[in-house]
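Fold and contact review
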Amino acid sequence: MNTPDSRKILGRTFLEWFSSLPVFALLLLTLIVGTGEMVHGQLLKLGESMFGDSQAQVQYFMLRAEPTKPDCDANVNVDAELAKQLAAPATKGDDIDDIFGEQKAADPEVLRKSIEQALTICKAKHDIYNKVLQHQTPQVKAYRTLETSFFGLFQVGTDNRPLILLLMVAIAAITTTLGFHHIGIRPGHYTKDYLLQSVSQVVSSGLLLFSAVRYYQILQGSGVPIEHPLIHYIWMALFTILLLINVKRVIMPVKSPHGEGDWSGAFLAIPLYAQMATVAGLYFLIKGHHAGLAIYINQLMELPSIFMNLGLFIWAGMLLKQSRIVDMFMNVLRPWNLSPQLLTYIILIGASFATAYTGASGIFVIAAGGIIYHEVRASGGSRQFALAATAMSGSLGVVLRPCLLVVFIAALNKQVTTSGLYHWGFYVFLLTSTLFFLASQMLRTERANIESPMVAIPAMIRQCVPLLPYVLLVIAIVAIYEFALETKLNEITAPTIMPVLLILILVYDKMTNRGKAEITPDYASHRQDGVETSIRYATNETIGHIGALLSLMTLSLAMGGVIERSEVMGFFPKVFENHWTAMAFLVVTKVILGMIMDPFGAVVLVSGTLAPIAYANNIDPLHFWMMTLVAFELGYLLPPVALNQLLTRQVIGEEEVTEADDEVKHLGFYRRYERWVLPLAVITVGLVVVSFGPLLIHDYPGLAFVKDWFPAPAQ
């Protein structure tokens with residue numbers, strides 16, 4: 001982050017005390033909340049095995065608290081109680097009872113059975129109470145204190161997920177603003193860039209603060225107690241702080257050592273979240289819906305687990321950057337002397353699975369984009385080709401297990417399941433990866449010079465040896481979760497397991513590599529030597545990315561609200577002439593949404609507006625959402641936002657991108673724009689096949705045999 005240097009307090013800057021430590025604590029708390037259910041389940045199971053008594057029919061859950069003595073009398077004389085109730089004078093019934101006429105006297109036999117049943121139940125309660133009381137040993141009390149204390153700790157976190165998420169977002173957003181780290185078409189570089197960034201954020205923060213205050217006032221005036229008022233206070237405090245920071249910067253502009261710059265370029269540096277906040281805020285202001293902006297950004301609190309997990313995935317990605325795992329994987333491939341295109345294909349295959357385990361394509365570009373760019377360049381690939389590979393490195397894996405975006409789709413749409421989406425997603429992955437391989441080979445200009453297997457295999461085996469301890473460590477950790485905690489690594493548990501896994505890998509990596517003199521490549525200059533400094537640096541990077549990405553996602557929700565309330569979708573028919581026309585309309589719409597919105601905000605909008613159109617036109621829900629994921633990835637590579645291209649510029653550096661453009665400006669169209677054309681061509685062809693291929697098979701019986709190539713997912 002571009003944070004200014006400041007005096008250190010106890011070895012840390014003020015900003016680190018303000019942001020790094022609290023966010024680190026919140027991330028750990030999120031891990032505890034995620035792990036708590038797994039651990040608590042095992043504590044209950046262990047308590048049952050240690051203290052449960054099947055013969056006495058006493059289970060551990062009965063022993064988790066002091067037993068309460070039943071208030072019924074287990075020594076009741078049935079005959080005496082029967083006589084007492086029969087002798088009791090009849091009571092006047094309620095008016096509602098009078099409509100049934102005169103009530104008959106109680107039947108003695110029925111009344112006796114009732115008393116006997118009540119007595120049986122009472123004796124059973126006393127019997128259980130006495131058995132539980134006998135089992136209340138000092139060992140039980142000590143164990144249940146441990147178990148219930150742990151339960152209380154993670155339960156507090158579970159009950160306050162929205163608060164934890166909002167605190168994390170607030171601290172990260174303030175830190176990101178202080179560091180000029182928000183995502184724009186291009187990063188700020190000149191004085192006018194920073195000034196316009198501040199002015200735009202003054203407007204956006206003002207609109208957000210006004211909407212948050214009005215929303216709170218409306219809730220106060222409703223006469224209904226406000227649920228979670230602290231959430232509203234934090235929103236208002238956040239926007240106030242952002243407003244004050246940027247007002248100060250407008251009054252006292254930040255001077256850049258690179259010069260003043262020009263206003264036309266400065267407009268490209270305006271943060272995307274500020275643009276979205278301004279557009280949405282002005283729209284709701286004009287419509288008189290003053291609380292609209294605040295209402296839609298509060299949707300972030302509706303599914304806090306998803307966005308907290310996204311924060312954990314970002315942290316996992318930054319921890320990955322601090323380790324040598326990717327370097328060591330590349331060392332295994334280097335002995336083959338692969339062509340840049342073939343090497344890139346293999347890298348993208350590996351990156352796809354890593355993308356699935358880091359939550360979203362953008363996160364992987366941030367985490368490993370620099371290494372991928374360096375390796376493609378080192379193998380002889382041009383700068384343009386290396387930039388194309390980096391931008392696309394996260395695009396192929398968003399359909400693979402356990403990608404968080406797929407979980408989000410299934411959470412919002414009961415028509416699909418994660419198992420079905422992942423099943424067909426694997427076929428989509430095979431399609432797009434194969435298309436990239438074919439495209440790269442068709443466009444290859446240099447001759448492939450693969451090393452002889454007799455030379456490459458022994459060298460590759462030698463490079464596998466240092467990697468084996470890491471593989472064994474991963475297997476051991478996954479096995480501990482699976483067998484000790486009975487928790488498999490899947491789309492639900494990955495956000496919790498991956499950060500723990502990478503922290504332990506990082507500790508092992510730093511401990512075993514301590515004191516070894518190595519030449520650190522430029523792309524790895526951010527790596528720190530010690531464990532503590534590595535985790536601290538990774539957390540600092542995580543804060544910047546959480547602030548930038550979640551600010552963008554939050555305001556994407558507001559932009560989705562603008563599209564939804566403007567009823568622009570009402571101008572289009574709900575039912576088309578045929579599903580081909582409907583699919584064409586949906587494809588274009590999804591790509592446009594991907595061009596201007598982040599994936600999570602777009603999924604929320606699509607679920608409520610466009611998905612019903614697809615279902616009404618007999619488009620299978622699984623088919624529709626597979627198309628949507630690919631269309632979004634195409635949108636992330638297209639202007640005006642081109643999020644994955646923006647993140648590529650961010651991790652590679654503006655100077656390297658400029659140099660890549662300068663060295664090919666005298667060549668043909670494709671070579672000048674290869675970093676744009678290659679990924680766009682691959683994803684576009686993939687989108688066409690995914691969108692219209694199933695319709696073609698459905699409408700033409702002669703192609704029905706193709707279905708046999710793709711077995712349906714197991715139920």
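Residues numbered from 1 in each chain as written. Predicted model: local features only at pLDDT ≥ 70, side-chain atom pairs only at ≥ 80, totals over all residues. Heavy atoms only, no water.

Some words on the overall build of the chain
When helices and strands are counted, the chain shows 30 helices and two strands. Dimensions of the chain along its principal axes, counting C-alpha atoms only, are 110 × 75 × 65 Å. Residue burial in the chain is summarised as follows: out of 715 residues, 49% are buried. A sequence separation of at least 24 residues applies to 84% of the contacts in the chain between residues at least 6 apart. For the chain, the accessible area works out to roughly 34100 Å², and carbon and sulfur atoms hold 63% of it. Of the charged side chains in the chain, 49 are positive and 55 negative; the average position of the first set lies 6 Å away from that of the second. (Helix = DSSP H or I, 4+ residues; strand = E, 2+ residues; numbered from the N terminus. Buried < 20%, exposed > 50% of the residue type's maximum accessible area, 1.4 Å probe, protein only. Contact = heavy atoms within 4.5 Å. Areas by Shrake-Rupley, 256 points an atom, 1.4 Å probe, with all protein chains shown as cover. Lys, Arg positive; Asp, Glu negative; His and termini not counted. Charge placed at Lys NZ, Arg CZ, Asp CG, Glu CD.)

Considering the state of the cysteines
Taken as a whole, this structure holds one disulfide when the rule is applied. Here cysteine 72 connects covalently by a disulfide to cysteine 122, the sulfurs 2.1 Å from one another. Between cysteine 72 and cysteine 122 the sulfur-sulfur dihedral comes to about 100°; the bridge is accordingly right-handed. With cysteine 72 in the loop between helix H1 (14–51) and helix H2 (78–87) and cysteine 122 in helix H4 (residues 108–134), this pair connects stretches of sequence that are 50 residues apart. By relative accessible area, which is 26% here, cysteine 72 ends up partly exposed. Assessed through its relative accessible area of 4%, cysteine 122 is described here as buried. (Disulfide = S-S within 2.5 Å.)

Topic: the packing of H1 against helix H6 (residues 161–178)
In contact at an axis separation of 10 Å, H1 and H6 are set at 150° when each is read in the N-to-C sense. Comparing the axis directions of H1 and H6 gives the class roughly antiparallel. Relative to H6, the crossing made by H1 is left-handed. Mapping the contact onto sequence places Leu15, Phe18, Ser19, Pro22, Val23, Leu26, Leu27, Leu29, Thr30 and Val33 in H1 and Arg161, Ile164, Leu167, Met168, Ile171, Ile174, Thr175 and Leu178 in H6. The class makeup of the residues in the contact of H1 with H6 is 14 nonpolar, three polar and one charged. (Axes fitted to C-alpha atoms, helices over the stretch in contact; angles between N-to-C directions. Parallel < 35°, antiparallel > 145°, perpendicular 65-115°, else oblique. Left-handed = near helix turned anticlockwise from the far one by under 90°. Nonpolar A, V, L, I, M, F, W, Y, C, P; charged D, E, K, R; others polar.)

Here's the deal with the pattern of salt bridges
As enumerated under the stated definition, the model contains 18 salt bridges in all. In this structure, arginine 383 engages glutamate 659 in a salt bridge whose closest nitrogen and oxygen atoms are separated by 3.1 Å. Taken together, the residues span a long stretch of sequence, with arginine 383 in helix H16 (residues 383–392) and glutamate 659 in helix H28 (residues 654–662) at a distance of 276 residues. Judged by its relative accessible area of 39%, glutamate 659 is partly exposed. The partner of arginine 675 in a salt bridge is aspartate 661, and the shortest N-O contact between them spans 3.2 Å. In this pair, arginine 675 sits in helix H30 (residues 674–699) while aspartate 661 sits in helix H28, placing the two residues 14 residues apart along the sequence. Bridged by salt links that share partners, the residues Arg383, Glu656, Glu659 and Glu663 form one connected network. (Salt bridge = Lys/Arg side-chain N within 4 Å of Asp/Glu carboxyl O.)

A word on the packing of H16 against helix H27 (residues 643–652)
The geometry of H16 relative to H27 is characterised by a closest axis approach of 8 Å and an angle of 120° between their N-to-C directions. Handedness of the crossing formed by H16 with H27: right-handed. Contacts from Leu387, Thr390 and Ala391 of H16 reach H27 at Asn644, Gln645, Thr648 and Ile652. In terms of residue class, the contact of H16 with H27 is built from three nonpolar, four polar and no charged.

Here we look at a nonpolar patch on the surface
Where nonpolar side chains cluster on the molecular surface, the patch consists of Phe210, Leu282, Leu285 and Ile286 and spans about 380 Å² of accessible area. Looking at the nonpolar patch element by element, the count peaks at three residues for helix H10 (residues 272–286). With respect to the helices, strands and loops of the structure, leucine 285 is situated in helix H10. In this structure leucine 285 comes out as partly exposed when scored by relative accessible area, which is 36%. (Patch = residues over 30% accessible without salt bridge, like charges linked within 9 Å, V, L, I, M, F, W, Y side chains within 5 Å.)

With respect to the environment of phenylalanine 364
The topology assignment puts phenylalanine 364 in helix H15 (residues 361–378). Considered as a pair, phenylalanine 364 and glutamate 674 are 310 residues apart in the sequence and their alpha carbons are 21 Å apart.

Concerning the environment of serine 607
Structurally, serine 607 can be placed in helix H24 (residues 599–609). Remark: the alpha-carbon pair of serine 607 and isoleucine 409, spanning 198 residues in sequence, is separated by 8.0 Å. If near-sequence neighbours (up to four positions away) are discounted, serine 607 is found in contact with Leu412, Asn413, Pro612 and Trp625. In this structure the side chain of serine 607 is engaged in a polar contact, spanning 3.0 Å, whose partner is the side chain of asparagine 413. (Polar contact = N/O pair within 3.5 Å; in protein donor to acceptor, adjacent residues only side chain to side chain.)

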